[in-house]
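Take a look at the letters that make up each chain.
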Protein chains: 2
Amino acid sequence: MELDRIYASIQGDLEKVREKLKSISRVDFPWLAEQLGLVVRGTGKGIRPALTLLSGSFYRYDFDCLLPMAVAVELLHTATLVHDDAIDKASVRRGQPTINSIWGDEIAVLMGDYLFAKAGEFASDTQSPRVIKLFSQTLATISSGEINQFRNAFHLPQAREDYIRRIYGKTASLFSLATQSGAILSQAPEESVAILKDYGDNLGIAFQIVDDILDFTSTAEAMGKPVGSDLTQGTLTLPAMMLIERYPEDNPVKRLFETGDMKNIPLALEMVRNSSIVDDCYRVASEYCERACQSLKRLPENPRRQALIDLAGYIVARSL
Amino acid sequence: MELDRIYASIQGDLEKVREKLKSISRVDFPWLAEQLGLVVRGTGKGIRPALTLLSGSFYRYDFDCLLPMAVAVELLHTATLVHDDAIDKASVRRGQPTINSIWGDEIAVLMGDYLFAKAGEFASDTQSPRVIKLFSQTLATISSGEINQFRNAFHLPQAREDYIRRIYGKTASLFSLATQSGAILSQAPEESVAILKDYGDNLGIAFQIVDDILDFTSTAEAMGKPVGSDLTQGTLTLPAMMLIERYPEDNPVKRLFETGDMKNIPLALEMVRNSSIVDDCYRVASEYCERACQSLKRLPENPRRQALIDLAGYIVARSL
């Protein structure tokens, strides 16, 4: 299903979120405004703000609070990408040159800080101390997760649970913030907040697993960045873990991690693509999606609930 | 006057702030806890948290709110230092090796993000949306100020007002957050919030001017970091500006900025030290301190008001 159809019930409000995001670039510094515009224009599929709006529509839909929160969630996401790219020395993201590649690492660090700050300003516009605290806790989870990922780079062995914990930190925690904050701001009962948290947690894990699969199976053209970048960074993802499990004695991932020889990366990509690993990884992602949708059944049935279910389907089926 | 005597009326509560700051290092990641401990142990003279406590003591002194805010202010300061050191490639701060020098720039960026997040969590514990928003706005001001400073590095000419605007962004905005948040959390009338904002603004500018003087006049031993580091970074501060004003045709700062030849730095330090520039800079700092104290006169007279006045005196007289 197309994203536009899934977003149908919130299309107008999602457009207002995008407008607000663009307004971030109207700041005191003309040259900075231009760069911020570049960052914000590159904004992706809007899944995170859509999650906030949809999750906020089961009880009292309060767009005055949901708007700044949806903006905050997307800005927080953008800020972490700006820092990640600087740390990974990535030169392209979504087909655009990264901030660090144009302006250097220093500006990328400061621009990320600025975007965190703007995200925090929007979060505080919700006037909800609980949501604001959740926002800060999520940033803490993301950054400590990134620290762990960086520290574990090129390390073997790693347990499957470590991987799930890592992707929870870097991706699912933000999905969870998006859904929980929507629920809280709509004055949902605690049970429903918990249901939507559960949905966000599981959906986020599924999303990251698919991302990790695509880093093996997609093309640079489709992704707007090089394939195999996780292996380049020494990040062990599910497809690589499965490869190691199947060929424990000798495999290109092990050789890469032991010797740092990057020639092993295309070999690893090819072995994964030509095996059942891709299907097996999608199966794991689907399981998380099913768990996500399962929890939704306890919410009132309405078009937004269906949209959340369809979004889960889209996430597993997406090719970029 | 000694800081201990100035802090006398809040000594017990300031100690609780320090204890809380230490507790930040008790986190999920043992190795991270150790590093965070290093950062937090290095915490300086506690001027910023002291400002929050003192500013919060004119009306309803509510330590339950002031404690997390004082912690937030100091953590925000620490986080910006961690990022600054990574950006400046500084190897020593307060006599300790910097995070970036031990763990690399990547960990320093992520650790700074983590500290921003923890600061945000504490700020949100005040439960005051106004204070939380001010907190985020301050981070935006600091980071956009740093971006400007970085962009203007090794640029000539720069106007005196640009310098004041720059140091407002990087230092005074945080002093201002410290005093304003204390006032707001003590339910001070708006007029008093404005007075304490004014005090914080001016005190912060004075503080940074003195910092900039010390970078010319102090020793690496006393400062716990190399002298002349502003010039090394291409940052034009008041003493350097005065040197250029006095010798517009030819001077070591101009030669440094034009050619990048670092041999000009010791020459610039010596010329400043052996001139009346140091006194003239201290005079400018004193003027800002006087303005800071002047505004306090409209607050109720009590020992905390005197402490704020004494603190201003300490800041201009301090040698590190």
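Residues numbered from 1 in each chain as written. Chains lettered and ligands numbered in written order. Predicted model: local features only at pLDDT ≥ 70, side-chain atom pairs only at ≥ 80, totals over all residues.

Colleague: Explanation requested: the overall build of chain A in the structure shown.
Modeller: Each helix and strand in chain A was counted, giving 17 helices and two strands. Relative to the globule expectation of 20 Å for 320 residues, the C-alpha radius of gyration of chain A, 19 Å, shows essentially globular dimensions. Its C-alpha atoms give chain A principal-axis dimensions of roughly 55 × 50 × 30 Å. Taking as baseline every contact in chain A between residues at least 6 positions apart, the subset at least 24 positions apart corresponds to 72%. (Helix = DSSP H or I, 4+ residues; strand = E, 2+ residues; numbered from the N terminus. Rg over C-alpha atoms; globule rule 2.2 N^0.38 Å. Contact = placed C-beta atoms within 7 Å.)

Colleague: Looking at this structure, how should I read the interface of chain B and chain A?
Modeller: Put simply, an interface is often sized by how much accessible area is lost when its parts join up. Each side of the interface is counted separately: chain B has 33 residues, and chain A has 33 residues. Of all the secondary-structure elements, those providing two or more residues to the side of chain B that touches chain A are helix 5 (63–88), helix 7 (105–124) and helix 8 (129–152) of chain B. Classifying every residue of the side of chain B that touches chain A gives 17 nonpolar, nine polar and seven charged. (Nonpolar A, V, L, I, M, F, W, Y, C, P; charged D, E, K, R; others polar.)

Colleague: How should the relation of the copies chain B and chain A be read in this particular structure?
Modeller: What relates the two chain copies is a rotation about an axis together with a slide along it. Between chain B and chain A, which share one sequence, the superposing operator has a rotation angle of 180 degrees and an axial displacement of 0.0 Å; the RMSD is 0.0 Å. Taken together, the rotation and translation relating the two chain copies correspond to the operation of a two-fold axis. Looking at chain B, 100% of its interface residues are interface residues in chain A too, so the copies touch through the same face. (Least-squares fit on C-alpha atoms with pLDDT ≥ 70 in both.)

Colleague: What's the story with the confidence of the model for chain A in this structure? I'm lost.
Modeller: Any residue range with low pLDDT should be treated as having predicted coordinates unsuitable for detailed reading. Residues and elements named next belong to chain A. With 93% of its residues at a pLDDT of 70 or more, chain A has an overall mean of 91. Within chain A, no element has a lower average pLDDT than helix 3 (residues 30–41), which sits at 64, and none a higher one than helix 10 (residues 190–217), at 97. Two summary scores accompany this predicted model of the complex, namely pTM at 0.92 and ipTM at 0.90. (pLDDT = per-residue confidence, 0-100.)

Colleague: Explanation requested: the nonpolar core in the structure shown.
Modeller: As a rule of thumb, soluble globular proteins bury nonpolar side chains together. Core analysis: the biggest nonpolar cluster contains 197 residues, and A72 and A206 of chain A together with A72 and A206 of chain B have the highest contact counts within it. If sequence neighbours within four positions are ignored, A72 of chain A has contacts with A119, F122, A123 and F135 of chain A. (Core = buried A, V, L, I, M, F, W, Y, C linked by C-beta atoms within 7 Å. Buried ≥ 20, exposed ≤ 12 C-beta atoms within 10 Å, placed from the backbone.)

Colleague: I'm lost on helix 8 of chain B in this one. Help?
Modeller: Residue and element names in this part refer to chain B. Here helix 8 contains 24 residues, and its C-alpha end-to-end distance of 34 Å stays within 8% of the 34 Å for a straight helix at 1.5 Å per residue. Burial within helix 8 is extensive, with 18 of its 24 residues counted as buried. Phi for F154, located one or two positions after helix 8, is positive at around 60 degrees. (Expected span 1.5 Å × (residues − 1).)

Colleague: Is there a simple way to explain the packing of helix 5 of chain B against helix 9 (residues 160–185) of chain B in this structure?
Modeller: When two helices pack together, their arrangement is given by the angle between their axes and by how far apart the axes lie. All names here are of chain B. Two elements in contact, helix 5 and helix 9, have axes separated by 10 Å at closest approach and are oriented at 170 degrees. It follows from the interaxial angle that helix 5 and helix 9 lie roughly antiparallel. Residue-level contacts link C65, L66, M69, V73, L76 and H77 of helix 5 to L174, L177, A178, S181, G182 and L185 of helix 9. A per-class count over the contact of helix 5 with helix 9 returns nine nonpolar, three polar and no charged. (Axes fitted to C-alpha atoms, helices over the stretch in contact; angles between N-to-C directions. Parallel < 35°, antiparallel > 145°, perpendicular 65-115°, else oblique.)

Colleague: I'm lost on the environment of A222 of chain A in this one. Help?
Modeller: Locating A222 of chain A in the fold gives a position in helix 11 (residues 220–223). Spatially, the C-alpha atoms of A222 of chain A and S136 of chain A are 33 Å apart, while their sequence positions differ by 86 residues.

Colleague: Honestly, the packing of helix 4 (residues 47–55) of chain B against helix 5 of chain B in this entry has me stumped. Any pointers?
Modeller: Residue and element names in this part refer to chain B. Between helix 4 and helix 5, the shortest axis-to-axis distance is 8 Å and the interhelical angle comes to 155 degrees. The pairing of helix 4 with helix 5 is recorded here as roughly antiparallel in orientation. Helix 4 and helix 5 meet at a crossing whose hand is right-handed. Counted together, R48, P49, T52 and L53 of helix 4 and L66, M69, A70, V73, E74 and H77 of helix 5 form the full contact between these two elements. Here the residues of the contact of helix 4 with helix 5 sort into six nonpolar, two polar and two charged. (Left-handed = near helix turned anticlockwise from the far one by under 90°.)

Colleague: What is the right way to look at unusual backbone geometry in this model?
Modeller: Note: most residues except glycine have negative phi, and most peptide bonds are trans. Residues and elements named next belong to chain A. Looking along the chain, the bond that leaves L156 and enters P157 is cis, with omega of -15 degrees. Along the chain, P157 falls in the loop between helix 8 (129–151) and helix 9 (160–185). Of note, the phi angle at K89 is positive, near 55 degrees, even though the residue is not glycine. Accessibility expressed as a C-beta count within 10 Å gives 13 for K89, which makes it partly exposed.

Colleague: Can you help me understand the environment of L66 of chain A in this one?
Modeller: Residue and element names in this part refer to chain A. Structurally, L66 is set in helix 5 (residues 63–88). Along the primary structure L66 and A183 are separated by 117 residues, whereas in three dimensions their C-alpha atoms are 9.6 Å apart. Apart from residues lying up to four places away in sequence, L66 is in contact with T52, L53, G56, G182 and L185.

Colleague: I'm lost on the environment of V82 of chain B in this one. Help?
Modeller: Residues and elements named next belong to chain B. By secondary structure assignment, the location of V82 is in helix 5. Accessibility expressed as a C-beta count within 10 Å gives 25 for V82, which makes it buried. Along the chain, V82 and D113 lie 31 residues apart, while their C-alpha atoms are 9.3 Å from each other.

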